[in-house]
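# Results of the structural survey
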Amino acid sequence: DAGVIQSPRHEVTEMGQEVTLRCKPISGHDYLFWYRQTMMRGLELLIYFNNNVPIDDSGMPEDRFSAKMPNASFSTLKIQPSEPRDSAVYFCASRLSGTGFEQFFGPGTRLTVL
Amino acid sequence: AQSVSQHNHHVILSEAASLELGCNYSYGGTVNLFWYVQYPGQHLQLLLKYFSGDPLVKGIKGFEAEFIKSKFSFNLRKPSVQWSDTAEYFCAVGGSQGNLIFGKGTKLSVKP
């Protein structure tokens, strides 16, 4: 089975540009999570969805960040405009309700904003 | 509010030394507890989990963890570490809304 798929794996962009990160959860999973990991702040939960509906977005840093889940097999995290302090590894994870809380993580997108 | 506390930020051990990483959680309901491992440059992977039953849980690669309800603890142990265990270890508890509450992680460095 394919795991959680994220693209791109690496993104280098300039300050002020729009960045879109993509995630395909494991087929059939109904929860999807977006995390950000930095050396300074560690692993932070940004937002998560259940059945494509955002449940908690309190971790989204500011209005420059937005996330969507138009269908069960695709989600995006957008940063507009990007800033150097957004440089981090962004992980997507998914899980299936009714089977416990175990989350399956994708390989991450390493974002560098110059 | 639910929280997870990992006592050590960075642990340095020599190969063959024993390992114990501390984890305490605050959550009054039914607990679902996890340890994840993140090898350098990789994503988080499940090491072991506890839902119910035997409080001593065995995971992959010789790791185990013990759930002690009275102490709200779920410490990770390994009797003899290897250089390949160098990684960051995250403790987590299942939250009330279907999410996971992660601790801040403990970096383990094993010297060959």
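Definitions and cut-offs
- Residues numbered from 1 in each chain as written.
- Chains lettered and ligands numbered in written order.
- Predicted model: local features only at pLDDT ≥ 70, side-chain atom pairs only at ≥ 80, totals over all residues.
- Heavy atoms only, no water.
- Contact = heavy atoms within 4.5 Å.
- Buried area = accessible area lost by both parts, 1.4 Å probe.
- Salt bridge = Lys/Arg side-chain N within 4 Å of Asp/Glu carboxyl O.
- Polar contact = N/O pair within 3.5 Å; in protein donor to acceptor, adjacent residues only side chain to side chain.
- Helix = DSSP H or I, 4+ residues; strand = E, 2+ residues; numbered from the N terminus.
- Nonpolar A, V, L, I, M, F, W, Y, C, P; charged D, E, K, R; others polar.
- Buried < 20%, exposed > 50% of the residue type's maximum accessible area, 1.4 Å probe, protein only.
- Pairing = 2+ DSSP bridges.

Our focus in this paragraph is the interface of chain A and chain B. Tallying the contact residues gives 18 residues for chain A and 19 residues for chain B. Carbon and sulfur atoms supply 58% of the area that chain A and chain B bury against each other, a total of about 1600 Å² over both sides. Looking only at chain A, the three residues that lose the most surface to chain B are A:F101, A:E102 and A:F105, adding up to 38% of its buried area. Counting the contacts that link chain A with chain B gives 1 salt bridge. Linking chain A with chain B are 4 residue pairs in polar contact (both at pLDDT 80 or more). Secondary structure elements with two or more residues in the side of chain A that touches chain B: β4 (31–38), β5 (42–50) and β9 (88–95) of chain A. Per element, the largest residue contribution to the side of chain A that touches chain B is 4 residues, and it comes from β4(A). Looking at the side of chain A that touches chain B residue by residue, the class counts come to 10 nonpolar, 5 polar and 3 charged.

Now for the pairing of β9(A). Residues and elements named next belong to chain A. Counting buried positions along β9 gives 8 out of 8 residues, so the element sits mostly inside the fold. What you see with β9 is no split at all: A88, Y90, C92 and S94 on one side and V89, F91, A93 and R95 on the other are buried throughout. As judged from the 7 bridges shared by β4 and β9, these two strands associate in the antiparallel manner. When the sheet's bridge partners are listed, L32 is paired in β9 with S94. As paired elements, β9 and strand β11 (residues 109–113) share 3 bridges and run antiparallel to each other. Each bridged residue has a counterpart across the sheet, and for A88 the counterpart in β11 is L111. For β9 and strand β10 (residues 104–105), the ladder comprises 2 bridges, and the chain directions are antiparallel. Of the residues in β10, the one forming a bridge with S94 is F104.

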